[in-house]
Amino acid sequence: MIKNKFKDVPFFDYPSVYKRHKKEFLRIFNDVCSKGAFIMQSELLDFEKNLANYTNSKYAIGVANATDGLQMLLLAAGIKPYDEVIISSHTMIATAGAVHFSGGIPVPINAGKDHLIDVEEIESAITSKTKAIMPTQLNGRVADMDSITKIARKYDLMIFEDSAQALGAKYKGVSAGNFGLGGCISFYPAKVLGCFGDGGAVICNDDEIYEKLILLRDHGRGKSSDVEIWGLNSRLDNLQAAFLNFGLSQYEKAINRRRAIAKIYDERLGTLDEIVIPPTQNGDLNHFDIYQNYEIEANDRDNLKSFLKENGVGTLVQWGGFPIHSFEKLGFTKQLEHTEKLFKKLLMLPLNLTVTDNDIHYVCDMIKKFYQ
Ligand SMILES: *Cc1c(COP(=O)(O)O)cnc(C)c1O
């Protein structure tokens, strides 16, 4: 099977974000810059409209990054000092940081079998101070939102989504960001819809939250330049919005390709005893995954990672291998045994728009060779 003795399959090829559609991007750059349309112009409005359409939500609000978006969403929904927000420990520190800077207290719990928040553990983490559940729609998959919604109703909790990794991912036909009061989307370059730097959006369906977010992202300034509330400066650049508008028009194709790559991995690696693959596409039809990441559980993970590196294959351990509850300097003291065990095995394989089918087969060949 092994055709090339040595291949280079990088985990992510940053220049490719630009190179794939260089001509189009140069045209957009020239167009927007020539007009001097840099802050909150028609390109931003267009993008917000297209994004809301794509996710089937009432509103999309462009912001400087997904982390800001989450924080402003929590503020807009009225999270107050010492309110507890339940999150998964398998997420970016951004999720917890957004809760912290809204005044709340992030409460991490274990990740479950699908690596997303363990819905079975949510109830036992609820206290009299709990105000919200904020699942991370990790790796381009939406959590079991029926169970989460049921718990939220029972205890009168709000739902927010860290859907930074999940633009276009669906649960029972509903796109990430639409299950609670809102969700963030990240346009960090390595995200499925990446821009040329930082960028983000908030998806929401609530008029009041929308109005607040529009104020919050622009110094609290209303239409008449009157300042109505304390706000931040967290706008999505008009130029980035113009690039993203183009990216969104190519997005469906990108997702299809990602799902095709994931299928090759599933078929080639699903039979190995040493590896647990992510949930498959036909395993539970309630889920439509966009594969922001292809995250496996691997025996002898560190040696596998080194072996792949020696053979030209780039891999990545998400969050540098640190779950939220492990950050003692931030005051986390909880032990989450299951997540700690899981984090010794997690590894992300290359899945991006520059790899060929051949590259993926080479990665699989190398993994099989390692375990032989
Ligand atoms: C990327 C990411 C973020 C942060 O997004 P930014 O746009 O970089 O702020 C938050 N949460 C998760 C799960 C992410 O993957």
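Keep in mind that what you see is a predicted model, and the values were worked out from it rather than measured.

Reading guide: rules and limits
Residues numbered from 1 in each chain as written. Predicted model: local features only at pLDDT ≥ 70, side-chain atom pairs only at ≥ 80, totals over all residues. Heavy atoms only, no water. Patch = residues over 30% accessible without salt bridge, like charges linked within 9 Å, V, L, I, M, F, W, Y side chains within 5 Å. Areas by Shrake-Rupley, 256 points an atom, 1.4 Å probe, with all protein chains shown as cover. Salt bridge = Lys/Arg side-chain N within 4 Å of Asp/Glu carboxyl O. Helix = DSSP H or I, 4+ residues; strand = E, 2+ residues; numbered from the N terminus. Buried < 20%, exposed > 50% of the residue type's maximum accessible area, 1.4 Å probe, protein only. Polar contact = N/O pair within 3.5 Å; in protein donor to acceptor, adjacent residues only side chain to side chain. Contact = heavy atoms within 4.5 Å. Pairing = 2+ DSSP bridges. Axes fitted to C-alpha atoms, helices over the stretch in contact; angles between N-to-C directions. 1 Å grid on protein atoms, 1.4 Å probe; cavity = no way out; pocket = protein on both sides within 12 Å on 5 of 7 lines; lining within 4 Å. Points joined across faces, edges and corners; volume = space filled by probe spheres on them. Nonpolar A, V, L, I, M, F, W, Y, C, P; charged D, E, K, R; others polar. Domains from an automatic or database assignment.

Engineer: Honestly, a nonpolar patch on the surface in this entry has me stumped. Any pointers?
Structural biologist: Together, Phe38, Ile39 and Met40 make up a nonpolar patch on the protein surface, roughly 250 Å² of accessible area in all. Relative to the assigned elements, Met40 resides in the loop between helix 2 (22-35) and helix 3 (42-55). For Met40, a relative accessible area of 31% puts it in the partly exposed group.

Engineer: Would you take a moment to explain the side chain of Glu297 for this structure?
Structural biologist: Relative to the elements of secondary structure, Glu297 occurs in strand 12 (residues 294-298). Only 2.7 Å separates the side chain of Glu297 from the side chain of His115, close enough to count as a polar contact. Excluding residues that lie within four positions of it along the chain, Glu297 makes contacts with Lys113, His115, Glu274, Ile275, Val276, Leu342, Lys345 and Leu346.

Engineer: Would you take a moment to explain the sheet that holds strand 1 (residues 59-63) for this structure?
Structural biologist: Hydrogen bonds between backbone atoms are what pair the strands of a sheet, whose relative direction is either parallel or antiparallel. Spatially, the seven strands line up as an open sheet ordered 1-9-8-5-4-2-3, and their pairing is mixed. Two strands in the sheet have a free side with no partner beyond their single neighbour: strand 1 and strand 3 (105-109). For this sheet, the mean angle separating the axes of adjacent strands, direction not counted, is 25°. In this structure, strand 8 (residues 182-186) lies alongside strand 9 (residues 200-204), joined through four bridges in antiparallel fashion. Bridge assignment links Ile185 to a residue of strand 9, and that residue is Ala201.

Engineer: Help me understand empty space enclosed by the protein, please; the structure alone is not making it clear to me.
Structural biologist: Gaps left between atoms show up when a probe the size of a water molecule is rolled over them. On inspection of all chains with the given rule, the structure shows two cavities of 30 Å³ or more. The space that makes up the largest cavity amounts to roughly 100 Å³. Looking at the largest cavity, the residues that line it are Asp114, His115, Leu116, Leu138, Asn139, Arg141, Pro278, Pro279, Asp289, Tyr291, Asn293 and Glu295. Looking at the lining of the largest cavity, its residues break down into five nonpolar, three polar and four charged. Built from parts of two domains, the lining of the largest cavity gets at least three residues from each of domain 1 (19-249) and domain 2 (251-371). Of the volumes computed, that of the second largest cavity is approximately 40 Å³. Along the wall of the second largest cavity there are 13 residues; nearest its centre are Leu167, Ser186, Val192, Leu193 and Tyr251. Residues that form the lining of the second largest cavity fall into these classes: nine nonpolar, three polar and one charged.

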